[in-house]
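Here are the chains, one letter per residue:
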Amino acid sequence: MKVQDVNPAATASAGPGPGRRQPAAPGELLGRLRARHHGTDPVTHVERVPARPGEPAPWPRWTPEPLRAAFAGRGVVAPWRHQAEAAELAYAGNHVVVATGTASGKSLAYQLPALATLLADPRATVLYLAPTKALAADQLRAVADLGLDGVRPATYDGDTPRAEREWIRRHARFVLTNPDMLHHGILPGHARWSGFLRRLAYVVVDECHTYRGVFGSHVAHVLRRLRRQCARFRGTPVFVLASATSGDPATAAGRLTGLPVVAVTEDTSPRGGVTFALWEPPLLPAAATPAPDADLLQVRRSALRETADLLADTVAEGVRTLAFVRSRRGAEVVAANARRALDEAVPGLGDRVAAYRAGYLREERRELERALLHGELLGLASTNALELGVDLVGLDAVLICGWPGTRASLWQQAGRAGRSGDEALAVLVARDDPLDTYLVHHPEALFGRPVEATVLDPANPYVLAPQLACAAAEAPLTPADLELFGDGAKEAVDSLVTAGALRQRPTGWYWRHRERPEVDLRGSDGAPVCVVEASTGRLLGTVDAGSSHVLVHPGAVYLHQGVSYVVDALDLADGCALVHAEEPDWSTHARDVTSLSVVSVRSYLDAGPVGLFLGEVDVTNQVVSYQRRRIASGEVIDTRPLDLPARELRTVAVWFTVSPRSLALAGVEAADIPGALHAAEHAAIGLLPLMATCDRWDIGGLSTAVHPDTEAPTVFVYDGHPGGAGFAERAYRTAAAWLRATRDAIAECGCEAGCPSCVQSPKCGNGNNPLSKPDAVRVLDVVLGHLPAPADGSVGGPAGGSGASVPRQPMP
């Protein structure tokens, strides 16, 4: 690409001071970005979100004067009405969740009652939980900057030096941590934290909408374990939760905490206007299409390259821009390409762009946060590590590379721009993916619709049993405790007794082992894998164990801070991947094989030739090889074998069966059934995040012309976590709407034979072969023609029945 018309402000000194030229208005900036595409307009829709005024409210009468003065010193003259309402509820002892938009000041809603209590009661303490270290560090700055005597805020996480930890336990009154540290450090050491827990007045759970799926289910029980330890000291802290706008936040917060929660949802803060554009990269010209032996026959320009170009263009305009990218590797690629383009225009200008992601060392993260806050960086390509409430003042534009998975995340990311009330630009750049393509051509699915409800399942036995083991290791379990942990707790305890993990005594259930249970809240299947440069021994970063087979297998290309490395060896036993620096002209793509067997059926719907099922399945997956593809063209160079162990998973799946006769009547030949089902499976996986708060990488699928357990053509979609994460259940309940959107996405795609925008999958272990786009539409027409379609678009509950047996061949 070529960057044109560099704004002198982009090369000026850092900082938002008077020397910084005012960037172009959002509409004008969008026009310049569109003009770069000669002959084709990549923008499919522009939504104008109008500005709104704020509604201030008086300070609550119990607000101490020093606290009012401290907030006034930071420019807060009075709270907004929703802040005051939430603060009043919490101060009165009600558990409350404030679920309002980005930059609506949710932090003041919990800081106000918490800090007022700390000032009024010199013995009281507050525990703050954030899902990321960056957010906790930002909140620490905010509380410390108030300069209140006696509050003594401090972060307590994996980066905290051991020399400081004892002081924090003894003296800090506002402790900021994360669920992982609460689980691994504070609760197991509750005796050393007894003074803090005994006086605990408030528990703040920030960005609680991020606690979904398996992670959210684990966090729900960590909070119950915290409540249990507080109750031992006769403590009953008030829970104050902050959430992005979400569906039914009171119910989700209640499920997370196990407590009745009051929701405050009306956002009364002022908001600058947002120009929101949906951007579809153009199709590549024929000369740039991969060779015939490549997997992808019809492709659009990569969303990563498009986002990198847009980031370079906005930085060249002097526009402070944050680009959100789905993957760690993608963030590195976007930053590297934008830097390269800017350096070609003005040598050294690329230094004002960087990548930010999890896996960086603490020092690297803190330096990037500082550089962004002080204006030394104009552009940042980040994973969702910066999606949450870190206060990034002065951003003018946000680029979102690919659908972020939920409407809540979309608005959370878009809201990072214009945080000081100024006009802002947000651009969603569509990936070559069924869901992204559907959304940029169906703006009504994004704008003016409520955001999703948070999905979590604390009763998941694969979560509940390990958490009960942790609780028993902290203190013997009693019958009263089982009520605290909810449905399925007694069965889980009985299974732990049978397995020899617990011993039942008249006074309760006791943990039998010297070592504590090893439980990973994030379901990442073990400790992170360290990525080490072989020649120097330098630790570059980490990769979670669940992704290591795909990201750091032998021969994989690994990116770190724009530098490319190739993996020499992966030692799973020691959790270490050795790499060397190299700049190959190819990328790597892992390929896997999957088998699935049905264990039991929970619910099913008999719709004649179509059957819809929800149940437990066993999934076996193994990464068996990887492809090397040329970066410039996507051409497949070769496929190389890998020798990695298989992974087994018992989880929950939704699946549908179709009789061969009904497919034949619909025009699907027997030889085309595998490709038809495979294409429908890919598209269904891609569209499920429209219905549930999941990512397509949270779920998997399998299709077969004849499955041994159903004896019929079958498509499975399963949760990618042990015991399930609630996504398959959501798919079962909304099957008609889900599969209708899937069918429409395929039928409305402009390609002839199938492409990544409809039926091809970036994670297909079979190289997207076979696939039949027109027959996938016919299959889904048959399914939709027989499924009931209630007014709400769902199939309801267990319409047909439930049981342990597996229903076989559907009716003809």
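These notes cover the structure that comes with them. (Residues numbered from 1 in each chain as written. Predicted model: local features only at pLDDT ≥ 70, side-chain atom pairs only at ≥ 80, totals over all residues. Heavy atoms only, no water.)

## Looking at the overall build of the protein chain
Moving on, step 1. Within the protein chain, the regular secondary structure consists of 24 helices and 28 strands.
Moving on, step 2. By the burial criterion, 58% of the 812 residues in the protein chain qualify as buried.
Moving on, step 3. Of the roughly 31300 Å² of accessible surface on the protein chain, 52% is carried by carbon and sulfur atoms. (Helix = DSSP H or I, 4+ residues; strand = E, 2+ residues; numbered from the N terminus. Buried < 20%, exposed > 50% of the residue type's maximum accessible area, 1.4 Å probe, protein only. Areas by Shrake-Rupley, 256 points an atom, 1.4 Å probe, with all protein chains shown as cover.)

## Considering the nonpolar core
Moving on, step 1. Phe276, Phe656, Trp738 and Leu739 are the most contacted members of the largest nonpolar core, which totals 86 residues.
Moving on, step 2. Residue contributions to this core peak at 9 residues, all from helix α21 (residues 673–687).
Moving on, step 3. Those residues within four positions of Phe656 in sequence are excluded, and the remaining contacts are Gly611, Leu612, Pro713, Thr714, Val715, Leu739, Val779, Leu780 and Val783.
Moving on, step 4. Formed by 37 residues, the second largest nonpolar core is a distinct cluster that contains Ala90, Val151, Val204 and Val240. (Core = buried A, V, L, I, M, F, W, Y, C linked by side-chain atoms within 4.5 Å. Contact = heavy atoms within 4.5 Å.)

## A closer look at the sheet that holds strand β6 (residues 200–205)
Moving on, step 1. What the 7 strands build is an open sheet, ordered β4-β5-β3-β6-β7-β2-β8; its pairing is parallel. Strand pairing shows two members of the sheet lacking a second neighbour, β4 (153–155) and β8 (262–264), which therefore form its edges. Strand-to-strand twist of the sheet, defined as the mean angle between neighbouring strand axes without regard to direction, takes the value 15 degrees.
Moving on, step 2. As judged from the 4 bridges shared by strand β2 (residues 96–99) and strand β7 (residues 238–243), these two strands associate in the parallel manner. Directly across from Val96, in β7, lies its bridge partner Val240.
Moving on, step 3. Across the sheet, helix α9 (residues 213–232) is in contact with β3 (125–129), β6 and β7; its angle to β6 comes to roughly 175 degrees. (Pairing = 2+ DSSP bridges. Axes fitted to C-alpha atoms, helices over the stretch in contact; angles between N-to-C directions.)

## Considerations on the sheet that holds strand β18 (residues 539–543)
Moving on, step 1. Here 5 strands make up an open sheet; going across it, the order is β18-β17-β21-β20-β19 and the pairing mixed. For this open sheet the edge positions go to β18 and β19 (557–560), each flanked by a neighbour on one side alone. Going across the sheet, the axis of each strand differs from the next one's by a mean of 35 degrees, ignoring polarity.
Moving on, step 2. The strands touched by helix α12 (residues 328–345) are β18 and β19; relative to β19, the strand with the most contacts, the crossing angle is about 65 degrees.

## What about the packing of α9 against helix α10 (residues 249–257)?
Moving on, step 1. At a minimum axis separation of 7 Å, α9 and α10 run at an interaxial angle of 60 degrees. The pairing of α9 with α10 is recorded here as oblique in orientation. Of the residues in α10, those touching α9 at Gly216, Val219, Ala220, Leu223, Arg224 and Arg227 are Gly254, Arg255, Leu256 and Thr257. (Parallel < 35°, antiparallel > 145°, perpendicular 65-115°, else oblique.)

## A short note on the packing of aromatic side chains
Moving on, step 1. Summed over the entire model, instances satisfying the criterion amount to 12 aromatic pairs.
Moving on, step 2. Consider the rings of Tyr156 and Trp193, whose centres lie 4.9 Å apart with planes at 80 degrees: the pair is edge-to-face. Of this pair, Tyr156 sits in the loop between β4 and α6 (162–171) while Trp193 sits in the loop between α7 (179–186) and α8 (194–198); the two residues are 37 residues apart in sequence, bridging distant segments of the chain. Accessibility assignment for this pair places Tyr156 and Trp193 in one class, buried.
Moving on, step 3. The ring of Tyr156 has Arg165 sitting right over it, with the charged end atom 5.6 Å from the ring centre.
Moving on, step 4. The ring of Trp586 has Arg628 lying over it, and the distance from NZ or CZ to the ring centre is 4.8 Å. (Phe/Tyr/Trp six-rings, centres within 6.5 Å; stacked < 30°, edge-to-face > 60°. Lys NZ or Arg CZ within 6 Å of the ring centre and 35° of its normal.)

## Notes on unusual backbone geometry
Moving on, step 1. Although it is not a glycine, Arg152 sits at a positive phi angle of roughly 50 degrees.
Moving on, step 2. For Arg152, the position within the fold is in the loop between α5 (133–145) and β4.
Moving on, step 3. Look at Arg152 and you get partly exposed, because its relative accessible area is 37%.
Moving on, step 4. Within the chain, Glu207 stands out as a residue other than glycine whose phi angle is a positive 50 degrees.
Moving on, step 5. Counting through the fold element by element, Glu207 comes out in the loop between β6 and α9.
Moving on, step 6. Classification of Glu207 as buried rests on a relative accessible area of 3%.

## Considering the pairing of strand β9 (residues 274–279)
Moving on, step 1. Counting buried residues in β9 gives 6 out of 6 residues, a clear majority hidden from the surface.
Moving on, step 2. Burial along β9 is two-sided: the residues Val274, Phe276 and Leu278 and Thr275, Ala277 and Trp279 are all buried.
Moving on, step 3. Relative to β9, strand β1 (residues 43–49) runs antiparallel, the two sharing 6 bridges. When the sheet's bridge partners are listed, Val49 is paired in β9 with Val274.
Moving on, step 4. Looking at chain direction, β9 and strand β14 (residues 424–429) are connected through 6 bridges and run parallel. Across the sheet, Phe276 pairs through a bridge with Ala426, a residue of β14.

## Some thoughts on the pairing of strand β16 (residues 508–511)
Moving on, step 1. With 4 bridges joining them, strand β15 (residues 502–505) and β16 adopt antiparallel strand pairing. If you follow Leu502 over to β16, its bridge partner there is Trp511.

## Focus: the environment of Val126
Moving on, step 1. Note that Val126 resides in strand β3.
Moving on, step 2. Through-space distance from the C-alpha of Val126 to that of Val203 is 6.1 Å; in sequence the pair is 77 residues apart.

## Some thoughts on the packing of helix α23 (residues 735–748) against helix α24 (residues 773–786)
Moving on, step 1. Contact geometry of α23 with α24 gives a least axis separation of 9 Å together with a crossing angle of 155 degrees. Considering the angle they form, α23 stands roughly antiparallel to α24. The way α23 lies across α24 gives a crossing that is left-handed. Counted together, Ala736, Leu739, Arg740, Thr742, Arg743, Ile746 and Ala747 of α23 and Lys773, Ala776, Val777, Leu780, Asp781, Val783 and Leu784 of α24 form the full contact between these two elements. (Left-handed = near helix turned anticlockwise from the far one by under 90°.)

## Concerning α6
Moving on, step 1. Every buried residue of α6 is accounted for by Arg165, Ile168 and Arg169. Buried residues of α6, viewed axially, fall in a sector of 95 degrees; they line one side. Looking at α6, the residues exposed on the side facing more than 90 degrees away from the buried face are Ala163 and Arg170.
Moving on, step 2. Here the buried face of α6 lies against β4, β5 (174–177) and α7. (Arc of directions from axis to C-beta.)

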